[in-house]
Amino acid sequence: MDFNMKKLASDAGIFFTRAVQFTEEKFGQAEKTELDANFENLLARADSTKNWTEKILRQTEVLLQPNPSARVEEFLYEKLDRKVPSRVTNGELLAQYMAEAASELGPTTPYGKTLVKVAEAEKRLGAAERDFIHTASINFLTPLRNFLEGDWKTISKERRLLQNRRLDLDACKARLKKAKAAEAKATLWNDEVDKAEQELRVAQTEFDRQAEVTRLLLEGISSTHVNHLRCLHEFVESQTTYYAQCYRHMLDLQKQLGRFPGTFVGTTEPASPPLSSTSPTTTAATMPVGPSVAGLGPPGEAALCLEEVAPPASGTRKARVLYDYEAADSSELALLADELITVYSLPGMDPDWLIGERGNKKGKVPVTYLELLS
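Undergrad: For the overall build of the chain, give the residues involved together with the corresponding values.
TA: In terms of helices and strands, the chain carries seven helices and five strands. Across the 374 residues that make up the chain, the buried fraction comes to 35%. Long-range contacts, defined as pairs at least 24 residues apart, comprise 72% of the intrachain contacts of the chain with a sequence gap of at least 6. Counting only carbon and sulfur atoms, one obtains 57% of the accessible surface of the chain, whose full area is about 22,800 Å².

Here's what the structure looks like:
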């Protein structure tokens, strides 16, 4: 019991002495052993790595889980070393509501059919989102957390030890300086100076050893950057896969909705085209209209008689295809991204469609897949 009390008192005394010395250094009242420029650069680089890793980690968590309450819940489960319960994604929840609405409002009505189709697409989007979150968490967030909770804690611990060794070293330097000054005045025996010099040598050795250990850890930050670079590539890959899946699902949905008979009957404005790097100069609604063709209505309502369709005397335009499109039947024209075709509109056509020609082939094409050129 007495030994423990003495040790606590000794530790408290050392802590107080170091605190006083550190304060005196701040005010320029005590000398301080400076680290070399390369060491200072390593320290600054390590601090910068830690700070930006924390920011990137936190913002990625927000990207993957925007709900703050859900993030707190996941954090608590992780700290308790328990499995995070499976959570329904927003897309899956929306799909559930749409499916239930279709069931109640009538699954055979145009609106009900569309709800069912959109619900299926939203469900697939939700599943893709779940896979992306899982993959990104394992391949990107986990390595960042491991660095902050493992390597960085080790670096911080060794840096604190180095700081204490430096303070001890400077304290020994100060004691030796005082001993030599006292010896010059003949107020101390030579053995006091010898003792101070011995303490200084020991302190210098411990400082040098700790500085080398800390330097090696700080130089390891370069390896951390290499590891985080690999993880970043994997994160981008998983995000690319996710958005590609979303694009395919929505493209399929768009095709299905375009084939529903009568779904958009009465629409006076064409559907907004998908975003592209170059904005179309105009929409199909501004296309000049050619001669009428009997029996040509919205897609799916009546077969298109290609033999009876002729381009108007004026008003044809060139269009660049934005996305690949697979023709649903013989009345449609299959498209390949980036190819140029001739397009025109006819009376009675659904405003979301045009007649497209490529060589001796012609057929209906969806406006949203085109960029009309001037």
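Undergrad: Would you mind going over the sheet that holds strand 4 (residues 361-366) in detail, with residue names and values included?
TA: An order of 4-3-2-1-5 is seen for the five strands of this open sheet, with the pairing classed as antiparallel. Two strands bound the open sheet, and with one partner strand each, they are strand 4 and strand 5 (370-372). Each strand axis lies, on average, 40 degrees off the axis of its neighbour in the sheet, ignoring direction. Direction of pairing for strand 1 (residues 317-321) relative to strand 2 (residues 340-344): antiparallel, over a ladder of four bridges. Its bridge partner being in strand 2, A319 is matched across the sheet by I341.

Undergrad: Any chance you could break down the environment of E61 for me, citing the residues and the numbers?
TA: Here E61 lies in helix 2 (residues 37-64). Since its relative accessible area comes to 17%, E61 is described here as buried. For the pair E61 and I133, spaced 72 residues apart in sequence, the C-alpha to C-alpha distance is 9.5 Å. What E61 contacts, discounting residues up to four positions off in sequence, is R71, L141 and R145.

Undergrad: Can you explain the packing of helix 2 against helix 7 (residues 221-258)? Please cite residues and give values.
TA: Contact geometry for helix 2 and helix 7: axes closest at 12 Å, N-to-C directions at 20 degrees. Judged on the interaxial angle alone, helix 7 and helix 2 are roughly parallel. Crossing of helix 2 against helix 7: the hand is left-handed. Residue-level contacts link R45, A46, T49, T53, T60 and L63 of helix 2 to I221, S222, H225, H228, F235 and Q239 of helix 7. Taken together, the residues of the contact of helix 2 with helix 7 break down into four nonpolar, seven polar and one charged.

Undergrad: A description of the side chain of E332 should follow, citing residues and the corresponding values.
TA: Its place among the elements puts E332 in the loop between strand 1 and strand 2. A polar contact of 2.9 Å, which involves the side chain of E332, links it to the backbone nitrogen of A328. Residues contacting E332, with those up to four places away along its chain left out, are Y325, E326, A327, W353, G363 and K364.

Undergrad: So what about the nonpolar core? Which residues, and what values?
TA: One finds F39, F132, F140 and L218 to be the most contacted residues of the largest nonpolar core, which totals 34 residues. Every element with two or more residues in this core is listed here: helix 2, helix 5 (110-184), helix 6 (190-219) and helix 7. The dominant element in this core, judged by the number of residues it contributes, is helix 5, at 16 residues. If we skip the residues at most four places from it in the chain, F39 touches L162, A211, T214, R215 and L218. Judged by nonpolar contacts, the second largest core, of 21 residues, contains L251, V321, L335 and Y344.

Undergrad: So what's going on with the packing of aromatic side chains? Which residues, and what values?
TA: One pass over the structure, following the stated rule, counts nine aromatic pairs. Here F147 and W152 contribute two aromatic rings whose centre-to-centre distance is 6.3 Å and whose plane-to-plane angle is 50 degrees, an arrangement assigned as tilted. What makes W152 buried here is its relative accessible area of 10%. Relative to W353, the ring of Y325 has its centre 6.5 Å away and its plane inclined at 75 degrees; by these criteria the two rings are edge-to-face. Of this pair, Y325 sits in the loop between strand 1 and strand 2 while W353 sits in strand 3 (residues 353-358), and the two are 28 residues apart along the sequence. A residue is classified by how much of its surface remains accessible, and W353, at 6% relative accessible area, is buried. An aromatic cluster is defined as three or more aromatic residues linked by ring pairs; in this entry it consists of F132, F140, F235, Y242 and Y243. When the ring centre of W52 is taken as origin, the NZ or CZ atom of K55, which lies over that ring, is 4.5 Å away.

Undergrad: Give a detailed account of the pattern of salt bridges, specifying residues and quantitative values.
TA: Scanning the model with the defined rule gives 13 salt bridges in all. A salt bridge links D170 to R166; the shortest N-O distance between them is 2.8 Å. Of the two residues, D170 and R166 are both situated in helix 5; the distance of four residues between them amounts to about one turn of the helix. The partner of K362 in a salt bridge is E357, with the nearest N and O atoms 3.6 Å apart. The buried category is assigned to E357, whose relative accessible area is 18%.

Undergrad: Tell me about the confidence of the model for the chain, and please be specific about residues and values.
TA: Summary statistics for the chain give a mean pLDDT of 80 and a share of 74% for residues scoring 70 or more. Helix 1 (residues 2-26) is the least confidently modelled element of the chain, averaging 57 in pLDDT, while helix 2 averages 95, the highest of any element. Ignoring residues within four places in sequence, the model shows residues 261-303, a span with pLDDT below 50, making 80 contacts including any to other chains.

Undergrad: Could you give me a rundown of helix 2, with the residues and numbers involved?
TA: Two residues of an α-helix separated by three or four positions point the same way, owing to the 3.6 residues in each turn. Given a rise of 1.5 Å per residue, 28 residues ought to cover 40 Å, and the 40 Å separating the end C-alpha atoms of helix 2 matches this to within 8%. Inspection of helix 2 places F39, L42, L43, A46, T49, T53, L57, T60, E61 and L64 among the buried residues, and these make up the whole buried set. You can read the cap of helix 2 off the contacts: a side-chain oxygen lies 3.1 Å from the backbone nitrogen of N38, and it is on D36.

Undergrad: Could you give an account of a nonpolar patch on the surface, with specific residues and numbers?
TA: On the surface, V88, L93 and Y97 cluster together to form a nonpolar patch covering roughly 280 Å² of accessible area. Tracing the chain through its elements places Y97 in helix 4 (residues 90-105). Judged by relative accessible area, which is 48%, Y97 ranks as partly exposed.

Conventions used here
- Residues numbered from 1 in each chain as written.
- Predicted model: local features only at pLDDT ≥ 70, side-chain atom pairs only at ≥ 80, totals over all residues.
- Heavy atoms only, no water.
- Helix = DSSP H or I, 4+ residues; strand = E, 2+ residues; numbered from the N terminus.
- Buried < 20%, exposed > 50% of the residue type's maximum accessible area, 1.4 Å probe, protein only.
- Contact = heavy atoms within 4.5 Å.
- Areas by Shrake-Rupley, 256 points an atom, 1.4 Å probe, with all protein chains shown as cover.
- Pairing = 2+ DSSP bridges.
- Axes fitted to C-alpha atoms, helices over the stretch in contact; angles between N-to-C directions.
- Parallel < 35°, antiparallel > 145°, perpendicular 65-115°, else oblique.
- Left-handed = near helix turned anticlockwise from the far one by under 90°.
- Nonpolar A, V, L, I, M, F, W, Y, C, P; charged D, E, K, R; others polar.
- Polar contact = N/O pair within 3.5 Å; in protein donor to acceptor, adjacent residues only side chain to side chain.
- Core = buried A, V, L, I, M, F, W, Y, C linked by side-chain atoms within 4.5 Å.
- Phe/Tyr/Trp six-rings, centres within 6.5 Å; stacked < 30°, edge-to-face > 60°.
- Lys NZ or Arg CZ within 6 Å of the ring centre and 35° of its normal.
- Salt bridge = Lys/Arg side-chain N within 4 Å of Asp/Glu carboxyl O.
- pLDDT = per-residue confidence, 0-100.
- Expected span 1.5 Å × (residues − 1).
- Patch = residues over 30% accessible without salt bridge, like charges linked within 9 Å, V, L, I, M, F, W, Y side chains within 5 Å.

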